[in-house]
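# Inside the fold
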Amino acid sequence: MIMSRIEAPRDEATSNLTDRLLAGLPPEAVLTDPDVTASYSHDMASFCPAGAPAVVVLPRTVEQVQHVMRTASELRVPVVPQGARTGLSGAANATEGCIALSLTKMDRILEISPVDRIAVVEPGVINATLSRAVEEHGLYYPPDPSSWEMCTIGGNIGTASGGLCCVKYGVTAEYVLGLDVVLADGRLMSTGRRTAKGVAGYDLTRLFVGSEGSLGIVVRAVLALKPKPPQQLVLAAEFPSAAAACEAICRIMEGGHVPSLLELMDRTTVKAVNALAHMGLPETTEALLLAAFDTPAPAADLAAVGALCEAAGATQVVPADDAAESELLLQARRLSLTALEAVKGTTMIDDVCVPRSRLGAMLEGVERIAEKYDLTIGVCAHAGDGNTHPTVCFDAQDPDESRRARESFDEIMALGLELGGTITGEHGVGVLKKEWLAREIGPVGLEMQRAVKQVFDPRDILNPGKIF
């Protein structure tokens, strides 16, 4: 009689691991069917190897996470923490034979305090869910990655995510006040605070933000909130060249303006969005700049920025009439990466951040690289931060095109470092950029980071093979 894969015999090590886990977890929290566990093997990054998890665990409580880590530590089994797996660096990719620790079931908003302006949440809370919940209290949680309808707060913390509003409000790290973290051996540690101020001891909270699950498992977060700002209005400006758009960006920032959003889409990206969603964006433009203000008088701010755009060479400047039109323009920007993926079926999304003053040189360099490798590379950018997302479009079934895609990706990162930038502004290092992190921080920096990892995870069971 042919048994199903669920009923098939397990090897002794996996059987022992599963039995040990089930001693402290409900049966529904432990998944061993290979057809199911395979779906937890990787995030959304290309060219990142992934192993097969021995087991997937979906805890609902802190105590259950502690039990998982105690078991893993005793058996020396690697643990890969995961959220929604929307990441773009391979940070959530499974290690062969690991415990894939999915935190998506820990999805409660524990507290929202309008007085203290904080929210206390579990790691599986969806970013957009939190944003809408605090809005009901007249509050605002600013970090908003493009995947905000899917990505989790725990994943945002793990990769130090950014978003469209960073130019004014900053990145995830600036909103994490305190954390509860389960360490590699199962102990629970609290870091940080819930007060407006606090400087007691080393800032371990910041250390965990962006650590990609390599130092501990975040099981609770205290997040700072802001008062809900007025509804923002958006302006769209068309430019005859990327250089002219970048000149406008420099003039806007130099002029002391504080937009709530300043985003750029190049010609390739605009055409891809139109092809996907038929949004009617102007395909004659070489670069489309979106600027937004959420000030009490956004129309006046948009007028001032519009004048700067025209002075830099904009061929057309169109301010949105209302919130609905503004949201339509923002939706076009949020669709950029999805639209570029549809061009060839596969993408490699770079995440190079350069000084704003070098943004024009970055875009010109990417265009040269696209010509050199005969590839379609679209660029969308959080232009106000200098954070570019050159997106290499290629056919994964074509070995030569795949090779050229990888080579172009690396050349883009090298260009970013040459321009005084960094290999990642918000997506993290994961598997994809390990070699490049070493180049950016140098041997001494790498030695110190590995030493920190050794302190928190002496048995190297927490997301091994990531970052370094």
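This text goes with the structure placed above it.
Conventions we followed
Residues numbered from 1 in each chain as written. Predicted model: local features only at pLDDT ≥ 70, side-chain atom pairs only at ≥ 80, totals over all residues. Heavy atoms only, no water. Helix = DSSP H or I, 4+ residues; strand = E, 2+ residues; numbered from the N terminus. Polar contact = N/O pair within 3.5 Å; in protein donor to acceptor, adjacent residues only side chain to side chain. Contact = heavy atoms within 4.5 Å. Phe/Tyr/Trp six-rings, centres within 6.5 Å; stacked < 30°, edge-to-face > 60°. Buried < 20%, exposed > 50% of the residue type's maximum accessible area, 1.4 Å probe, protein only. Lys NZ or Arg CZ within 6 Å of the ring centre and 35° of its normal. Core = buried A, V, L, I, M, F, W, Y, C linked by side-chain atoms within 4.5 Å. Expected span 1.5 Å × (residues − 1). Pairing = 2+ DSSP bridges. Axes fitted to C-alpha atoms, helices over the stretch in contact; angles between N-to-C directions. Salt bridge = Lys/Arg side-chain N within 4 Å of Asp/Glu carboxyl O.

### Details of the side chain of Thr295
With respect to the element layout, Thr295 can be found in the loop between β14 (287-293) and α10 (298-311). One polar contact links Thr295 to Asp301, side chain to side chain, over a distance of 2.4 Å. Not counting chain neighbours up to four residues away, the residues in contact with Thr295 comprise Pro230 and Asp301.

### Brief notes about the packing of aromatic side chains
For the coordinates displayed, the defined rule picks out four aromatic pairs. Arranged with centres 5.4 Å apart and planes meeting at 80 degrees, the rings of Phe208 and Phe456 form a pair that is edge-to-face. With Phe208 in helix α7 (residues 204-208) and Phe456 in helix α15 (residues 434-456), the pair connects residues that are 248 residues apart, well separated along the chain. Exposure remark for Phe208: the relative accessible area of 2% places this residue in the buried category. The side chain of Arg85 reaches across the aromatic face of Tyr40, ending 4.8 Å from its centre. Here Arg132 stacks its cationic end above the ring of Trp148, 5.3 Å away from the centre of that ring.

### Looking at the nonpolar core
Counting residues in each nonpolar core, the largest one holds 53 residues, and the members touching the most others are Phe239, Leu289 and Cys309. Residue contributions to this core peak at seven residues, all from helix α13 (residues 359-373). Sequence-distant contacts of Phe239, that is, excluding residues within four places in its chain, are made with Ala244, Ala245, Ala248, Thr285, Glu286, Ala287, Leu289, Cys309, Ala312, Gly313, Ala314 and Thr315. Ala133, Leu139, Ala173 and Leu215 belong to the second-largest nonpolar core, a separate cluster that totals 34 residues.

### Quick look at α13
With 15 residues, α13 should cover 21 Å at 1.5 Å per step; its first-to-last C-alpha distance of 21 Å lies within 8% of that length. Looking at α13, one finds that the buried residues are Leu359, Gly360, Met362, Leu363, Gly365, Val366, Ile369, Ala370 and Tyr373. If you follow the buried residues of α13, they end up packed against α8 (242-254), β13 (261-266), β17 (352-353), β18 (376-382), β19 (387-394) and α14 (399-418). In the stretch just after α13, Asp374 is the one whose phi turns positive, near 55 degrees.

### Things to note about the sheet that holds strand β4 (residues 99-102)
The strand order β1-β2-β4-β3 describes an open sheet built from four strands, whose pairing is mixed. In the strand order of this sheet, the two ends are held by β1 (30-31) and β3 (79-82), each with one partner. Across the sheet, helix α1 (residues 12-22) touches β1, β2 (55-57) and β4, and the angle it forms with β2 is around 15 degrees. Sheet contacts for helix α3 (residues 62-75): β2, β3 and β4; angle to β4, the most-contacted strand, approximately 165 degrees.

### Quick notes on the pairing of strand β9 (residues 188-192)
With five bridges connecting them, strand β8 (residues 176-182) and β9 associate as antiparallel partners. Its bridge partner lying in β9, Leu179 is registered against Thr191. A loop of five residues connects β8 with β9, the two strands running antiparallel in sequence, and Gly186 in this loop sits at a positive phi of about 100 degrees.

### A short note on the pattern of salt bridges
In total, this model carries 23 salt bridges according to the counting rule given. The closest approach of N and O atoms between Asp410 and Arg406, which form a salt bridge, is 3.5 Å. Of this pair, Asp410 and Arg406 both sit in helix α14, four residues apart, roughly one helical turn. A relative accessible area of 23% means that Arg406 is categorised as partly exposed. A single salt-bridge network, built from bridges that share partners, covers Lys344, Asp400, Glu401, Arg403, Arg404 and Glu407.

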